[in-house]
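Below are the chains, spelled out letter by letter.
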Amino acid sequence: MLFSCVSPLLYSTARSLASSLPIVPIVFGGLNVALLTTLDPPPLHAQEIPAVLSVSGYGSEPVLTTLTSVQLGVEAQGKTPLEVQQEVAERSSAIVDYLKSQSVSKLQTQSLNLSPIYDYSDSEQRIVGYQASNIVSFRIETTRVGSLLDEAVQRGASRIDSMQFVATDEAIAAAQELALAEATQDAQRQADVVLRSLGLTRQAILRIEINNAPTFVPTPRIAEQLYSVKDSFMTPVVGGEQEVEAIVTLHISY
(Lines give C-alpha, C1' and ligand atoms only; values in the text may rest on other atoms or scores of the structure.)
Protein backbone atom coordinates (compact mmCIF):
# COMPACT_ATOMS: atom_id res chain seq x y z
CA MET A 1 0.00 0.00 0.00
CA LEU A 2 0.93 3.70 -0.39
CA PHE A 3 1.34 4.50 3.32
CA SER A 4 3.21 1.27 4.17
CA CYS A 5 6.54 2.94 3.49
CA VAL A 6 5.82 6.08 5.50
CA SER A 7 7.29 6.20 8.97
CA PRO A 8 4.82 6.46 11.90
CA LEU A 9 6.33 9.80 13.03
CA LEU A 10 5.95 11.42 9.59
CA TYR A 11 2.43 10.06 9.28
CA SER A 12 1.44 11.47 12.66
CA THR A 13 2.88 14.86 11.77
CA ALA A 14 1.00 14.97 8.48
CA ARG A 15 -2.29 14.12 10.21
CA SER A 16 -1.76 16.88 12.81
CA LEU A 17 -1.02 19.45 10.07
CA ALA A 18 -4.04 18.41 8.05
CA SER A 19 -6.37 18.84 11.02
CA SER A 20 -5.27 22.48 11.47
CA LEU A 21 -5.74 23.60 7.83
CA PRO A 22 -9.02 24.21 5.94
CA ILE A 23 -9.90 21.54 3.42
CA VAL A 24 -11.09 22.51 -0.06
CA PRO A 25 -12.75 19.67 -1.95
CA ILE A 26 -12.04 19.49 -5.70
CA VAL A 27 -13.91 17.12 -7.96
CA PHE A 28 -12.13 15.42 -10.89
CA GLY A 29 -14.77 13.47 -12.72
CA GLY A 30 -16.30 11.27 -10.08
CA LEU A 31 -13.30 11.41 -7.71
CA ASN A 32 -13.22 13.78 -4.72
CA VAL A 33 -9.73 14.98 -3.84
CA ALA A 34 -9.14 16.95 -0.61
CA LEU A 35 -6.48 19.68 -0.87
CA LEU A 36 -4.98 21.69 1.97
CA THR A 37 -4.87 25.51 1.69
CA THR A 38 -3.59 28.26 3.91
CA LEU A 39 -5.59 31.03 2.16
CA ASP A 40 -8.64 32.49 3.96
CA PRO A 41 -11.73 32.77 1.75
CA PRO A 42 -13.03 36.33 1.07
CA PRO A 43 -16.06 37.50 3.11
CA LEU A 44 -19.38 36.71 1.50
CA HIS A 45 -20.93 40.20 1.93
CA ALA A 46 -17.97 42.58 1.89
CA GLN A 47 -19.07 46.25 1.62
CA GLU A 48 -16.77 48.95 0.33
CA ILE A 49 -16.61 52.16 2.38
CA PRO A 50 -17.09 55.09 -0.02
CA ALA A 51 -14.61 57.94 -0.14
CA VAL A 52 -16.32 61.15 0.99
CA LEU A 53 -15.51 64.80 0.37
CA SER A 54 -17.09 67.39 2.70
CA VAL A 55 -17.34 70.96 1.44
CA SER A 56 -19.20 74.07 2.68
CA GLY A 57 -20.70 76.70 0.40
CA TYR A 58 -21.63 80.27 1.28
CA GLY A 59 -24.47 82.42 0.01
CA SER A 60 -25.44 86.01 0.73
CA GLU A 61 -28.40 88.03 -0.50
CA PRO A 62 -29.07 91.73 0.21
CA VAL A 63 -32.58 92.75 1.17
CA LEU A 64 -33.90 96.29 1.36
CA THR A 65 -34.96 97.43 4.82
CA THR A 66 -38.30 99.21 4.80
CA LEU A 67 -39.14 99.23 8.51
CA THR A 68 -37.49 100.86 11.52
CA SER A 69 -37.66 99.42 15.02
CA VAL A 70 -37.50 102.22 17.62
CA GLN A 71 -37.17 102.39 21.39
CA LEU A 72 -38.05 105.76 22.93
CA GLY A 73 -39.60 107.08 26.11
CA VAL A 74 -39.62 109.68 28.85
CA GLU A 75 -37.40 110.36 31.84
CA ALA A 76 -38.07 112.75 34.71
CA GLN A 77 -36.55 113.77 38.04
CA GLY A 78 -38.14 115.25 41.16
CA LYS A 79 -38.12 115.46 44.92
CA THR A 80 -40.57 112.67 45.71
CA PRO A 81 -41.31 109.31 44.08
CA LEU A 82 -44.98 110.19 43.61
CA GLU A 83 -44.16 113.46 41.88
CA VAL A 84 -41.74 111.82 39.47
CA GLN A 85 -43.96 108.84 38.73
CA GLN A 86 -46.97 111.06 37.98
CA GLU A 87 -44.99 113.18 35.54
CA VAL A 88 -43.65 110.12 33.72
CA ALA A 89 -47.13 108.58 33.59
CA GLU A 90 -48.70 111.70 32.08
CA ARG A 91 -46.03 112.17 29.42
CA SER A 92 -45.93 108.45 28.59
CA SER A 93 -49.69 108.32 28.14
CA ALA A 94 -49.56 111.23 25.68
CA ILE A 95 -46.80 109.53 23.66
CA VAL A 96 -48.51 106.12 23.63
CA ASP A 97 -51.80 107.67 22.50
CA TYR A 98 -49.98 109.44 19.69
CA LEU A 99 -48.17 106.26 18.57
CA LYS A 100 -51.45 104.35 18.51
CA SER A 101 -53.00 107.07 16.37
CA GLN A 102 -50.14 106.59 13.88
CA SER A 103 -50.89 102.88 13.55
CA VAL A 104 -47.39 101.73 14.52
CA SER A 105 -46.89 97.97 14.85
CA LYS A 106 -45.58 95.84 17.73
CA LEU A 107 -46.07 98.60 20.31
CA GLN A 108 -45.08 97.44 23.80
CA THR A 109 -43.44 98.59 27.02
CA GLN A 110 -39.74 97.76 27.24
CA SER A 111 -38.85 99.04 30.70
CA LEU A 112 -40.32 100.99 33.60
CA ASN A 113 -37.91 102.28 36.24
CA LEU A 114 -38.05 104.34 39.45
CA SER A 115 -34.91 104.85 41.55
CA PRO A 116 -33.48 107.31 44.13
CA ILE A 117 -30.79 109.87 43.34
CA TYR A 118 -27.94 109.90 45.87
CA ASP A 119 -25.53 112.61 46.95
CA TYR A 120 -22.20 111.38 48.27
CA SER A 121 -20.70 114.70 49.38
CA ASP A 122 -19.06 115.04 52.81
CA SER A 123 -18.53 111.26 52.91
CA GLU A 124 -22.21 110.74 53.52
CA GLN A 125 -24.86 109.10 51.35
CA ARG A 126 -28.08 111.09 51.13
CA ILE A 127 -31.14 110.77 48.92
CA VAL A 128 -31.66 114.10 47.19
CA GLY A 129 -34.41 113.12 44.75
CA TYR A 130 -35.84 110.45 42.47
CA GLN A 131 -35.75 109.64 38.80
CA ALA A 132 -38.09 107.54 36.71
CA SER A 133 -38.33 106.40 33.10
CA ASN A 134 -40.76 104.58 30.84
CA ILE A 135 -39.47 103.13 27.54
CA VAL A 136 -41.66 101.72 24.75
CA SER A 137 -40.76 100.03 21.46
CA PHE A 138 -42.55 99.91 18.12
CA ARG A 139 -42.09 99.51 14.38
CA ILE A 140 -42.93 101.93 11.63
CA GLU A 141 -42.15 102.47 7.96
CA THR A 142 -38.72 104.07 7.55
CA THR A 143 -40.15 106.82 5.37
CA ARG A 144 -42.32 107.98 8.28
CA VAL A 145 -39.94 107.60 11.21
CA GLY A 146 -38.30 111.05 11.01
CA SER A 147 -41.50 113.07 11.33
CA LEU A 148 -42.86 110.68 13.97
CA LEU A 149 -39.78 111.11 16.18
CA ASP A 150 -40.04 114.88 15.96
CA GLU A 151 -43.69 114.79 16.98
CA ALA A 152 -42.96 112.37 19.84
CA VAL A 153 -40.33 114.73 21.25
CA GLN A 154 -42.78 117.62 21.09
CA ARG A 155 -45.26 115.50 23.05
CA GLY A 156 -42.80 114.82 25.86
CA ALA A 157 -40.34 112.12 24.75
CA SER A 158 -36.88 112.79 26.16
CA ARG A 159 -35.06 109.56 25.28
CA ILE A 160 -34.41 107.70 22.04
CA ASP A 161 -32.60 104.58 23.18
CA SER A 162 -32.15 102.63 19.95
CA MET A 163 -33.12 102.30 16.31
CA GLN A 164 -32.67 99.38 13.93
CA PHE A 165 -33.55 99.01 10.28
CA VAL A 166 -35.32 95.74 9.46
CA ALA A 167 -36.88 94.13 6.42
CA THR A 168 -40.32 92.61 6.32
CA ASP A 169 -40.70 88.92 7.16
CA GLU A 170 -41.71 88.19 3.57
CA ALA A 171 -38.63 89.92 2.15
CA ILE A 172 -36.31 88.05 4.54
CA ALA A 173 -37.87 84.67 3.67
CA ALA A 174 -37.42 85.32 -0.06
CA ALA A 175 -33.79 86.39 0.48
CA GLN A 176 -33.09 83.25 2.53
CA GLU A 177 -34.24 81.04 -0.33
CA LEU A 178 -31.88 82.79 -2.74
CA ALA A 179 -28.99 82.64 -0.25
CA LEU A 180 -29.51 78.89 0.29
CA ALA A 181 -29.56 78.23 -3.45
CA GLU A 182 -26.36 80.26 -3.88
CA ALA A 183 -24.64 78.41 -1.02
CA THR A 184 -25.62 75.02 -2.47
CA GLN A 185 -24.26 75.91 -5.92
CA ASP A 186 -21.07 77.24 -4.32
CA ALA A 187 -20.51 73.96 -2.45
CA GLN A 188 -21.05 71.90 -5.61
CA ARG A 189 -18.72 74.14 -7.60
CA GLN A 190 -15.94 73.78 -5.02
CA ALA A 191 -16.33 70.01 -4.94
CA ASP A 192 -16.16 69.72 -8.73
CA VAL A 193 -12.99 71.82 -8.91
CA VAL A 194 -11.20 69.72 -6.27
CA LEU A 195 -12.27 66.36 -7.68
CA ARG A 196 -11.54 67.34 -11.29
CA SER A 197 -8.02 68.42 -10.35
CA LEU A 198 -7.46 64.95 -8.89
CA GLY A 199 -8.95 63.12 -11.85
CA LEU A 200 -12.01 62.08 -9.87
CA THR A 201 -15.73 62.59 -10.40
CA ARG A 202 -18.59 63.44 -8.07
CA GLN A 203 -20.92 60.49 -7.41
CA ALA A 204 -23.73 60.97 -4.86
CA ILE A 205 -24.61 63.44 -2.12
CA LEU A 206 -24.69 61.41 1.09
CA ARG A 207 -25.65 64.10 3.60
CA ILE A 208 -26.65 67.79 3.61
CA GLU A 209 -26.21 70.25 6.47
CA ILE A 210 -27.84 73.68 6.51
CA ASN A 211 -26.65 76.33 8.93
CA ASN A 212 -28.25 79.71 8.36
CA ALA A 213 -25.92 82.45 9.56
CA PRO A 214 -27.49 85.36 11.45
CA THR A 215 -28.61 88.29 9.36
CA PHE A 216 -26.69 91.55 9.52
CA VAL A 217 -28.84 94.46 10.64
CA PRO A 218 -27.50 97.89 9.64
CA THR A 219 -27.30 100.67 12.21
CA PRO A 220 -29.49 103.63 11.34
CA ARG A 221 -28.00 107.06 10.88
CA ILE A 222 -29.75 110.07 12.37
CA ALA A 223 -28.52 113.33 10.92
CA GLU A 224 -29.27 115.49 13.98
CA GLN A 225 -29.64 114.87 17.71
CA LEU A 226 -33.14 115.54 19.02
CA TYR A 227 -32.28 117.98 21.77
CA SER A 228 -34.61 120.63 20.39
CA VAL A 229 -37.17 120.45 17.63
CA LYS A 230 -38.63 123.22 15.55
CA ASP A 231 -41.94 123.07 13.73
CA SER A 232 -40.26 123.35 10.33
CA PHE A 233 -37.56 120.77 11.08
CA MET A 234 -37.85 117.06 10.34
CA THR A 235 -35.11 114.69 11.46
CA PRO A 236 -33.80 112.83 8.38
CA VAL A 237 -33.35 109.08 8.87
CA VAL A 238 -31.44 107.16 6.19
CA GLY A 239 -32.28 103.48 5.74
CA GLY A 240 -30.15 100.77 4.17
CA GLU A 241 -29.85 97.11 3.30
CA GLN A 242 -29.27 94.04 5.40
CA GLU A 243 -27.53 90.85 4.32
CA VAL A 244 -29.22 87.48 4.67
CA GLU A 245 -26.55 84.76 4.77
CA ALA A 246 -26.62 80.96 4.48
CA ILE A 247 -24.09 78.11 4.74
CA VAL A 248 -24.69 74.68 3.15
CA THR A 249 -22.36 71.73 3.76
CA LEU A 250 -22.44 68.77 1.36
CA HIS A 251 -20.91 65.34 2.03
CA ILE A 252 -20.24 63.89 -1.42
CA SER A 253 -18.99 60.44 -2.40
CA TYR A 254 -16.47 60.04 -5.24
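See the structure shown above.
Conventions adopted
Residues numbered from 1 in each chain as written. Predicted model: local features only at pLDDT ≥ 70, side-chain atom pairs only at ≥ 80, totals over all residues. Heavy atoms only, no water. Helix = DSSP H or I, 4+ residues; strand = E, 2+ residues; numbered from the N terminus. Buried < 20%, exposed > 50% of the residue type's maximum accessible area, 1.4 Å probe, protein only. Contact = heavy atoms within 4.5 Å. Areas by Shrake-Rupley, 256 points an atom, 1.4 Å probe, with all protein chains shown as cover. Pairing = 2+ DSSP bridges. Axes fitted to C-alpha atoms, helices over the stretch in contact; angles between N-to-C directions. Polar contact = N/O pair within 3.5 Å; in protein donor to acceptor, adjacent residues only side chain to side chain. Phe/Tyr/Trp six-rings, centres within 6.5 Å; stacked < 30°, edge-to-face > 60°. Expected span 1.5 Å × (residues − 1). Parallel < 35°, antiparallel > 145°, perpendicular 65-115°, else oblique. Left-handed = near helix turned anticlockwise from the far one by under 90°. Patch = residues over 30% accessible without salt bridge, like charges linked within 9 Å, V, L, I, M, F, W, Y side chains within 5 Å. Salt bridge = Lys/Arg side-chain N within 4 Å of Asp/Glu carboxyl O.

A. Molecular detail of the overall build of the chain. A count of helices and strands for the chain gives four helices and 11 strands. Expressed as a percentage of the 254 residues in the chain, the buried residues total 28%. Sequence separation of 24 or more characterises 79% of the internal contacts of the chain that already satisfy a separation of 6 or more. Accessible surface, the chain as shown: approximately 16,900 Å² in total, 55% of it carbon and sulfur.

B. Representation of the sheet that holds strand β8 (residues 205-211). Spatial strand order, β3-β11-β8: three strands in an open sheet with antiparallel pairing. The open sheet is flanked by β3 (52-64) and β8, the only strands paired with a single partner. Pairs of neighbouring strands in the sheet enclose a mean axial angle of 20°, with direction left out of account. The pairing of β8 with strand β11 (residues 241-253) spans six bridges and is antiparallel. Residue Arg 207 lies in a different strand from β11, and its bridge partner there is His 251. Along the sheet, helix α4 (residues 169-197) makes contact with β3, β8 and β11, crossing β3 at roughly 145°.

C. Spotlight on the sheet that holds strand β4 (residues 67-78). Spatially, β5-β6-β4-β7 is the arrangement adopted by the four strands of the open sheet, whose pairing is antiparallel. Among the strands making up the open sheet, the edge pair consists of β5 (105-119) and β7 (159-166). When strand polarity is set aside, the average angle formed by the axes of neighbouring strands in this sheet is 15°. Strands β4, β5 and β6 (126-141) of the sheet are contacted by helix α2 (residues 81-101), whose axis makes an angle of about 155° with β4. Of the strands in this sheet, β4, β6 and β7 touch helix α3 (residues 142-154), which is tilted by about 150° from β6.

D. Seen up close, the side chain of His 251. Counting through the fold element by element, His 251 comes out in strand β11. Relative accessible area serves as the criterion here: at 10%, His 251 is assigned to the buried category. Looking at His 251, its side chain comes within polar contact range of the side chain of Glu 209, at 3.1 Å.

E. How the structure looks around the packing of aromatic side chains. This structure, assessed with the given rule, holds one aromatic pair. Measuring from centroid to centroid gives 6.1 Å for Tyr 118 and Tyr 120, while their planes differ by 40°, and the two rings are tilted. Judged by its relative accessible area of 36%, Tyr 118 is partly exposed.

F. The arrangement of α4 in detail. For α4, with 29 residues, the first-to-last C-alpha span of 42 Å sits near the 42 Å given by 1.5 Å per residue. Of the residues making up α4, those classed as buried are Ile 172, Ala 175, Ala 179, Ala 183, Asp 186, Ala 187, Ala 191 and Leu 195. Looking at the buried side of α4, the elements it contacts are β3 and β11. Phi turns positive one or two residues past the end of α4, at Gly 199, with a value near 75°.

G. Representation of the side chain of Gln 242 within the structure. Along the chain, Gln 242 turns up in strand β11. A polar contact is formed between the side chain of Gln 242 and the backbone nitrogen of Ala 167, at a distance of 3.1 Å.

H. Seen up close, the packing of α2 against α3. Here α2 crosses α3 at 155°, and the two axes come no closer than 10 Å. Comparing the axis directions of α2 and α3 gives the class roughly antiparallel. The two elements α2 and α3 cross, and the hand of that crossing is right-handed. In this structure, α2 uses Ile 95, Tyr 98 and Leu 99 to contact α3, whose residues at the interface are Ser 147, Leu 148, Glu 151 and Ala 152.

I. Highlighting a nonpolar patch on the surface. Together, Val 194, Leu 198, Leu 200 and Tyr 254 make up a nonpolar patch on the protein surface, roughly 350 Å² of accessible area in all. For Val 194, the location among the structural elements is in helix α4. With relative accessibility at 39%, the residue Val 194 sits in the partly exposed group.

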